[in-house]
Amino acid sequence: MRMPGRRPQRPTRSAPARKPPIGKARRAQMITTYGVGSMIAIDDASYIVLGLDSWRINDREETSEPRLQRALRVDKLYLPPAESDYHGAGLKRFPEMYTCMSCHLLQPYGRFGGRGSKCACGGSLIPSRFVLACDDGHLEDFPYRKWAHRGTPDGVVSCMQDLKMVTTGRTASLRSIQIECGCGRKASMEGAFRRSELRRLGIRCTGARPWLRDAAKVDCARPPRTLQRGSSAAWFGMVRSSLAIPPWSDKVQTAIDRYYTMWRTSTDEVIAQQAEAAGLLRKGITTEQVVAAVRKRARFEEEGTTAEPGDLDAELRAEEYEQLCSGTSGDEEYEDFECQPAAGVPPMPQIGQVMKVTRLREVRVLQSFTRVEPPSAADTATRHAALTLGDPDWLPAMEVIGEGVFLRISEQMLREWEQRKAVIDRAGLLMANHDALLRRRAEAAGRPAPPSRLTARAILLHTLAHVLINEWSLDSGYSASAMRERLYTDGEMAGLLIYTATSDSAGSLGGIVRQADPDRLTRTLRSALRRAEWCSADPLCMESETGGADSLNLAACHVCSLMPETSCEHNNTLLDRGLLIGWPTHPGDGFFSGL
């Protein structure tokens with residue numbers, strides 16, 4: 001977990017060394033895969049990652065992105081703890097139910113009487129495969145005793161004999177997994193994943209939050225759902241991100257990041273004295289600049305944000321879009337952001353502007369998480385699980401240092417294209433399906449459905465980003481999983497940023513920026529569009545009315561348009577090659593038709 005290029009840090013708080021760590025995870029995984037509330041398998045055991053109040057972070061590893069901190073209403077951002085005897089994330093055994101591979105006994109881990117991963121009989125212990133979760137993020141062990149005694153109304157109360165989990169091995173289905181009680185009752189796990197069966201047995205969500213220490217159970221009316229412990233539906237991280245752009249990426253603002261929390265309430269004289277003692281003035285910065293930078297950031301925080309939670313991304317991206325279009329001047333020195341126009345003219349009339357982003361820093365923050373269903377605009381606040389018992393004053397974050405290419409589509413040609421009836425009808429298919437999805441989730445949450453923001457330009461730009469990433473993975477030296485898209489499609493915005501997505505210096509080797517050179521961009525863009533004209537799954541792919549998860553794709557499949565989900569903002573949905581290059585009944589209505 002130690003970050004490349006960083007020297008080991010000494011502990012910042014006087015505390016005795018802790019026990020050796022149970023396991024290891026990369027810092028990026030603590031944001032995207034093994035964040036608070038997720039389950040992680042380590043050797044023969046299973047654990048749940050505890051809340052932020054059980055983490056021991058290194059105060060010296062604070063990062064900063066003022067725009068994102070203001071939007072999320074937190075004071076500080078910290079990198080997840082690296083491998084250390086003093087710093088780390090808390091873990092707790094979960095599920096509590098374990099099974100012995102020899103005697104098949106099924107009971108809480110603490111009752112086995114063995115040591116480590118062994119039963120008293122000498123058999124190996126394995127954690128339960130099944131858990132219960134609800135849409136509000138609550139999590140608990142599967143109620144095996146009640147399941148084995150279904151059909152007897154007082155079974156769970158009157159019988160407390162030992163349970164066993166026996167696998168017959170006759171089939172690979174749930175029918176071959178039997179839950180047997182010492183009283184003679186038994187039941188297979190067949191039907192355990194049906195919500196109707198859980199409801200019939202009176203199995204309800206208890207409101208348990210095992211990732212929060214000493215958290216009381218809460219009343220919950222959501223129906224529970226059975227999940228496999230390693231299911232992807234058991235944890236969906238809500239990760240917010242933003243680019244560090246001027247003025248917050250200039251030399252002075254970057255220099256005060258480490259000291260800002262202390263200086264924002266200090267007098268000008270104290271700030272000037274401490275800035276000199278910290279050695280900031282040896283970097284060509286004056287005390288007046290330091291004081292002005294501190295006061296500017298303090299005013300920015302006091303202004304707050306008027307955006308609703310669902311509009312945070314739109315507000316952040318509007319500022320980024322303006323900066324990407326205007327670029328940075330050579331007179332200013334920016335530590336984390338440098339953007340200049342590419343030489344020459346755009347490769348084709350449909351492209352209005354090409355910008356080389358030779359330096360960028362993206363900050364990604366874990367804000368919350370959901371279970372069962374991924375986050376959506378229709379979610380209520382209760383769906384976003386808490387990371388701490390109270391309101392957090394800090395959140396875990398990671399930095400991505402890299403480079404990219406920004407393309408802006410010709411606004412005039414885009415507006416004319418969006419008004420074509422064939423385009424409106426085809427994009428309307430996905431828009432209707434997206435509206436239906438939002439309505440279903442809003443009805444389940446008991447709230448009005450929010451309007452869909454999906455537009456024809458959003459589908460077009462998203463698909464263009466996918467085909468370009470797949471093409472550049474053959475030419476840039478980066479794999480598709482090492483690149484990432486960032487889309488700007490709200491309102492009058494019409495741009496996309498393709499950038500490297502690595503968390504170390506390997507993300508700035510120049511392979512992406514070179515793709516903006518006029519000759520290279522012309523060649524790769526035309527090649528990407530030619531590849532999009534044909535898919536080995538055609539005609540099924542091109543003529544499909546809908547496809548993909550929740551029917552949110554048209555002409556798009558793993559062969560032609562999909563890419564690693566870590567590189568995509570929409571989980572490989574909202575894609576259509578037809579809007580790019582035309583479709584059988586309207587070959588001339590693709591935005592890039594005729595090239």
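Small disclaimer: the values here were computed from a predicted structure and weren't measured. (Residues numbered from 1 in each chain as written. Predicted model: local features only at pLDDT ≥ 70, side-chain atom pairs only at ≥ 80, totals over all residues. Heavy atoms only, no water.)

### Remarks on empty space enclosed by the protein
Taking a probe equal in size to a water molecule and rolling it over the atoms shows the remaining empty space.
Here is step 1 of the chain: Within the structure shown, the criterion is met by 2 cavities of 30 Å³ or more.
Here is step 2 of the chain: Roughly 70 Å³ of internal volume is contained in the largest cavity.
Here is step 3 of the chain: In terms of lining, the largest cavity is formed by Glu62, Ser64, Pro66, Gln69, Asp75, Asp257, Tyr260, Thr261, Arg297 and Glu301.
Here is step 4 of the chain: Of all the elements in the fold, those that place two or more residues in the lining of the largest cavity are α2 (66-72), α7 (260-263) and α9 (287-303).
Here is step 5 of the chain: In the lining of the largest cavity, the residues fall into 2 nonpolar, 3 polar and 5 charged.
Here is step 6 of the chain: The calculated volume of the second largest cavity comes to roughly 40 Å³.
Here is step 7 of the chain: Forming the boundary of the second largest cavity are Arg67, Arg70, Ala71, Phe300, Glu315, Leu316 and Glu319.
Here is step 8 of the chain: When contributions to the lining of the second largest cavity are tallied by element, the ones reaching two or more residues are α2 and α10 (312-326).
Here is step 9 of the chain: When the residues that make up the lining of the second largest cavity are grouped by side-chain class, the tally is 3 nonpolar, no polar and 4 charged. (1 Å grid on protein atoms, 1.4 Å probe; cavity = no way out; pocket = protein on both sides within 12 Å on 5 of 7 lines; lining within 4 Å. Points joined across faces, edges and corners; volume = space filled by probe spheres on them. Helix = DSSP H or I, 4+ residues; strand = E, 2+ residues; numbered from the N terminus. Nonpolar A, V, L, I, M, F, W, Y, C, P; charged D, E, K, R; others polar.)

### Digging into the packing of aromatic side chains
Here is step 1 of the chain: What the rule picks out here adds up to 14 aromatic pairs.
Here is step 2 of the chain: Consider the rings of phenylalanine 130 and phenylalanine 193, whose centres lie 5.9 Å apart with planes at 80 degrees: the pair is edge-to-face. Taken together, the residues span a long stretch of sequence, with phenylalanine 130 in strand β9 (residues 130-133) and phenylalanine 193 in the loop between β13 (186-188) and α5 (195-200) at a distance of 63 residues.
Here is step 3 of the chain: Judged by relative accessible area, which is 33%, phenylalanine 193 ranks as partly exposed.
Here is step 4 of the chain: Taken together, Trp55, Tyr78 and Trp394 form an aromatic cluster joined through their ring pairs.
Here is step 5 of the chain: Sitting above the plane of the tyrosine 109 ring, arginine 93 keeps its charged end 3.8 Å from the centroid.
Here is step 6 of the chain: Sitting over the face of the ring of tyrosine 260, arginine 297 holds its NZ or CZ atom 5.0 Å from the ring centroid. (Phe/Tyr/Trp six-rings, centres within 6.5 Å; stacked < 30°, edge-to-face > 60°. Buried < 20%, exposed > 50% of the residue type's maximum accessible area, 1.4 Å probe, protein only. Lys NZ or Arg CZ within 6 Å of the ring centre and 35° of its normal.)

### Remarks on the packing of helix α11 (residues 411-418) against helix α13 (residues 456-472)
Here is step 1 of the chain: The contact between α11 and α13 brings their axes to 10 Å, and the two run at 120 degrees. Relative to α13, the element α11 is oriented oblique. Here α11 runs over α13; the crossing is right-handed. The segment α11 lies against α13, with Leu414, Arg415, Trp417 and Glu418 engaging Ala456, Arg457 and Leu460.
Here is step 2 of the chain: Of the residues contributing to the contact of α11 with α13, the split by class is 4 nonpolar, no polar and 3 charged. (Axes fitted to C-alpha atoms, helices over the stretch in contact; angles between N-to-C directions. Parallel < 35°, antiparallel > 145°, perpendicular 65-115°, else oblique. Left-handed = near helix turned anticlockwise from the far one by under 90°. Contact = heavy atoms within 4.5 Å.)

### Let's talk about the pattern of salt bridges
Here is step 1 of the chain: With the rule as written, the count across this model stands at 34 salt bridges.
Here is step 2 of the chain: Among the ionic pairs, glutamate 399 bridges to arginine 361, the shortest N-O distance being 3.1 Å. Of this pair, glutamate 399 sits in strand β18 (residues 394-409) while arginine 361 sits in strand β17 (residues 351-370), and the two are 38 residues apart along the sequence.
Here is step 3 of the chain: We classify arginine 361 as buried; its relative accessible area is 5%. (Salt bridge = Lys/Arg side-chain N within 4 Å of Asp/Glu carboxyl O.)

### Considering unusual backbone geometry
Here is step 1 of the chain: Cis geometry marks the peptide bond from proline 246 to proline 247; its omega dihedral reads 5 degrees.
Here is step 2 of the chain: Here proline 247 is to be found in the loop between β15 (236-243) and α6 (251-256).
Here is step 3 of the chain: In this structure, the amide linkage connecting aspartate 538 to the following residue, proline 539, adopts the cis form with an omega of 5 degrees.
Here is step 4 of the chain: Tracing the backbone shows proline 539 in the loop between α14 (518-532) and α15 (540-543).
Here is step 5 of the chain: One non-glycine residue, valine 372, lies in positive phi territory at about 70 degrees.
Here is step 6 of the chain: With respect to the helices and strands, the residue valine 372 is situated in the loop between β17 and β18.

### Observations regarding the sheet that holds strand β7 (residues 105-108)
Here is step 1 of the chain: Reading across the sheet, the 6 strands line up as β8-β6-β7-β11-β12-β13 and stay open at both edges, with antiparallel pairing between neighbours. In this open sheet, the two strands that pair with only one neighbour each are β8 (125-127) and β13. Shown here is a sheet whose adjacent strand axes are inclined to one another by a mean of 30 degrees, direction ignored.
Here is step 2 of the chain: Summarising the sheet, strand β6 (residues 97-100) and β7 pair through 3 bridges and their orientation is antiparallel. Counterpart to methionine 97 in the pairing with β7 is proline 108. (Pairing = 2+ DSSP bridges.)

### Some points on the sheet that holds strand β14 (residues 225-228)
Here is step 1 of the chain: Spatially, 3 strands are ordered β10-β9-β14 in an open sheet, and the strand pairing comes out antiparallel. The sheet is open, and its two edges are formed by β10 (139-141) and β14, each paired on a single side. Taking each pair of neighbouring strands and ignoring which way they run, the sheet shows an average axis angle of 40 degrees.
Here is step 2 of the chain: Bridge count between β9 and β10: 3 bridges; the pairing is antiparallel. Bridge pairing in β10 links leucine 132 to glutamate 140.

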